[in-house]
Amino acid sequence: MTLLFIRFLFIIGSMLIGYQITGQNDKALLGVAIGGLIGLMIIFTEIGMRRVSVRGLSSAVFGLILGLIMSKLLSDIFIFLKIDLETLSFIRPVMTLIICYMSMAVAIRGKDEFNVIIPYVRLSRQGHVDTVVVVDTSAIIDGRIADICKSRFIEGKMVVPRFVLKELQQISDSADPIKRQRGRRGLEVLNTIQKDIGIPVIIHEEDFPEIKEVDAKLVKLAKLLEAKIFTVDFNLNRVAEIQGIKVLNINELANALKPVVFPGELMEIRLLREGKEYNQAVGYLDDGTMVVAEDARKFIGSTVKVAVTSVLQTQAGRMIFTKLAAH
């Protein structure tokens, strides 16, 4: 509403200027019409520029200033060469136009490299770089991020990109009740982190419209901010590591915190269901680790004492293979 009001005032001002230029004569109405038409053309141009980002505009201005400085320096060199004024008056504008265009094009093409535009990485007096963590949608939905933040294992600032919030909102508005519940839980987790825990959460507006995949946008933003990615997505984890980005994976942290067991160690486990192989039974530790007991199918539903035979570590988690302990 405010923008519409500003546009209305701009058109009125354009019409008044047209009236003043033509003066109070027969052409006054023509001046008002021309002024209003020019005002409308400028407004339509402004509407067409809505896709131009502040980052791109800042880069273009930086390139323009750099081009003007370079063209001024080069034109001074031509003066020292004692070129005649007529030739110099032709060379100067052409050279200025070309150099400014080249500088603006290079600046816009490399706009993501202008870290001075990004306010999230600052040097302290000790030369220490503030830690920045970019949060993935999967980590927010997972929910464990709130407990990790509460334990203060994460330092620095958490950056939630606008496109992650958009994806989270789409999930919370899904027709699938399970997806909808997960999306709403993710929004609640973000609210908990921001209000109850007090971790600084920054919403980053950069969207990278030329990139369609959310994971690719996350990797691009992490590179730009020199940040880490917080996720539980295995594929995103691998892609980010290949490109030299540090990843904080909740599943890897959970696996690292699981208790260590050794072959021959005794434990008690409640067997809940059959295993994949013949006569196997399966139970779980409190942290979710799967325990497979050999020749224990008949004890399903009971708590038995087993001895560890081997431990298998996989990307999905850890599996402990056991056999019934001798009584």
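Procedures and definitions
- Residues numbered from 1 in each chain as written.
- Predicted model: local features only at pLDDT ≥ 70, side-chain atom pairs only at ≥ 80, totals over all residues.
- Heavy atoms only, no water.
- Helix = DSSP H or I, 4+ residues; strand = E, 2+ residues; numbered from the N terminus.
- Contact = heavy atoms within 4.5 Å.
- Salt bridge = Lys/Arg side-chain N within 4 Å of Asp/Glu carboxyl O.
- Buried < 20%, exposed > 50% of the residue type's maximum accessible area, 1.4 Å probe, protein only.
- Axes fitted to C-alpha atoms, helices over the stretch in contact; angles between N-to-C directions.
- Parallel < 35°, antiparallel > 145°, perpendicular 65-115°, else oblique.
- Left-handed = near helix turned anticlockwise from the far one by under 90°.
- Nonpolar A, V, L, I, M, F, W, Y, C, P; charged D, E, K, R; others polar.
- Pairing = 2+ DSSP bridges.
- Core = buried A, V, L, I, M, F, W, Y, C linked by side-chain atoms within 4.5 Å.
- Expected span 1.5 Å × (residues − 1).

Undergrad: Quick one: what's the story with the side chain of Ser71, residue by residue and with numbers?
TA: Among the structural elements, Ser71 can be located in helix H3 (residues 54-80). Residues within four places of Ser71 in sequence aside, it is in contact with Met95, Thr96 and Ile99.

Undergrad: Could you give an account of the pattern of salt bridges, naming the residues involved and the relevant values?
TA: Following the criterion strictly, the structure yields four salt bridges and no others. The residue Asp142 makes a salt bridge to Arg144 at a minimum N-O spacing of 2.7 Å. Residue Arg144 is classed as partly exposed on the basis of its relative accessible area of 30%. The partner of Glu205 in a salt bridge is Arg162, and the shortest N-O contact between them spans 2.6 Å. Within this pair, whereas Glu205 is found in the loop between strand E3 (201-204) and helix H9 (214-225), its partner Arg162 is found in helix H7 (residues 162-172), the two being separated by 43 residues in sequence.

Undergrad: Tell me what's going on with the packing of H7 against H9, and back it up with residues and numbers.
TA: Put simply, H7 and H9 touch, their axes get as near as 10 Å, and they point 155° apart. Here H7 lies roughly antiparallel to H9, going by the angle between them. Where H7 crosses over H9, the two elements pack in a sense that is left-handed. The segment H7 lies against H9, with Phe163, Val164 and Glu167 engaging Val214, Lys217 and Leu218. Looking at the contact of H7 with H9, its residues break down into four nonpolar, no polar and two charged.

Undergrad: Let's hear about the packing of H9 against helix H10 (residues 234-242): which residues, and what values?
TA: H10 packs onto H9 with a crossing angle of 35° between their chain directions and a minimal axis gap of 10 Å. Seen along the crossing, H9 lies across H10 with a hand that is right-handed. Touching Asp215, Leu218 and Val219 of H9 are Leu236, Val239 and Ala240, all from H10.

Undergrad: So what about the side chain of Ser103? Which residues, and what values?
TA: Of note, Ser103 is situated in helix H4 (residues 85-109). Overall, Ser103 belongs to the buried group, its relative accessible area being 11%. Those residues in contact with Ser103 that sit more than four places away from it in its chain are Gly63, Leu66, Gly67 and Met70.

Undergrad: Explain the environment of Arg297 to me, and be specific about the residues and the numbers.
TA: You can see Arg297 is positioned in the loop between strand E8 (290-294) and strand E9 (303-314). According to the relative accessible area criterion, Arg297 is partly exposed, its value standing at 42%. Each C-alpha atom of the pair Arg297 and Leu272 lies 9.6 Å from the other, and the pair is 25 residues apart in sequence. Leave out the neighbours within four places in its chain, and Arg297 touches Glu274, Asn279, Gln280 and Ala281.

Undergrad: Can you explain the sheet that holds strand E1 (residues 132-135)? Please cite residues and give values.
TA: The five strands are arranged E3-E2-E1-E4-E5 in an open sheet whose pairing can be described as parallel. A single partner strand is all that each edge strand has here, and the edge strands are E3 and strand E5 (247-249). Neighbour-to-neighbour, the strand axes of this sheet turn through a mean angle of 30°, independent of strand direction. Sheet contacts for H7: E1, strand E2 (157-161) and E3; angle to E2, the most-contacted strand, approximately 60°. H10 rests against strand E4 (228-231) and E5 of the sheet, and its axis sits at about 160° to E5.

Undergrad: Please set out the nonpolar core residue by residue, giving values where relevant.
TA: One broad rule of soluble globular proteins: the nonpolar side chains tend to lie buried together. One finds Ile145, Val160, Ile193 and Phe230 to be the most contacted residues of the largest nonpolar core, which totals 43 residues. No other element matches the seven residues that H9 contributes to this core. Leave out the neighbours within four places in its chain, and Val160 touches Val135, Ile140, Leu165, Leu190, Val201, Ile202, Ile203 and His204. Membership of the second largest hydrophobic core comes to 13 residues, among which are Met267, Leu285, Val308 and Ile320.

Undergrad: Lay out H9 with the relevant residues and their values.
TA: For H9, which comprises twelve residues, the first-to-last C-alpha distance of 16 Å matches the rise-based estimate of 16 Å (1.5 Å per residue) to within 8%. Following H9 by one or two positions, Glu226 has its phi on the positive side, about 55°.

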